[in-house]
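A structural walkthrough
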Amino acid sequence: LLPAVVFASVSTRWVSAWNMDFNCPPTRFQDKAAVVPIEGKDDQFLPVLVSQAPDINKEIEVAIIVMHGAPREQELYFEDMIRVAKGTRMEDKTLVLAPGFPWKDCSAEQWLEGLSRRRT
């Protein structure tokens, strides 16, 4: 049931998101911002939004990696998948991860702006 709901939610956003953009730092989910360092590449990273910090003591049963289209609106798609997890009452057991693919300069410091600790 979950994969069908996920696909339906993602596919409905394609047309409405054309006027969106990549935001650095994220405008609505600053507390969910994290970076994934690219091994062997100094100062290069993948900006991501993550629903919760991975914790070895948590029982994560579902991981949703949110892929978005050309409009690069990761926040919109991330929000949709959070709603899906809440709607299935599996929010605590679901990890939602939305990578960003910036087309403009964005440093790790800018991406993590406002966070008191570095999330990786």
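Okay, so let's go over this structure. (Residues numbered from 1 in each chain as written. Predicted model: local features only at pLDDT ≥ 70, side-chain atom pairs only at ≥ 80, totals over all residues. Heavy atoms only, no water.)

1. Digging into the pattern of salt bridges
With the rule as written, the count across this model stands at 6 salt bridges. Here Glu 73 makes a salt bridge to Arg 28, at a shortest N to O gap of 3.9 Å. Of the two residues, Glu 73 is situated in the loop between strand S3 (62-65) and helix H2 (74-87) and Arg 28 in the loop between helix H1 (2-12) and strand S1 (33-37); the sequence distance between them amounts to 45 residues. Looking at Arg 28, the relative accessible area reads 39%, which means it is partly exposed. Between Lys 93 and Glu 61 there is a salt bridge whose closest N-O contact spans 3.3 Å. (Salt bridge = Lys/Arg side-chain N within 4 Å of Asp/Glu carboxyl O. Helix = DSSP H or I, 4+ residues; strand = E, 2+ residues; numbered from the N terminus. Buried < 20%, exposed > 50% of the residue type's maximum accessible area, 1.4 Å probe, protein only.)

2. Describing H2
Taking 1.5 Å of rise per residue, 14 residues should cover 20 Å, and H2 covers 20 Å from first to last C-alpha, within 8% of that figure. Across the 14 residues that make up H2, a large majority, 10, are buried. Where H2 begins, the side chain of Glu 73 points an oxygen toward the backbone nitrogen of Glu 75, at a separation of 3.1 Å. Two residues or fewer after H2 comes Arg 89, characterised by a positive phi angle close to 60 degrees. (Expected span 1.5 Å × (residues − 1). Polar contact = N/O pair within 3.5 Å; in protein donor to acceptor, adjacent residues only side chain to side chain.)

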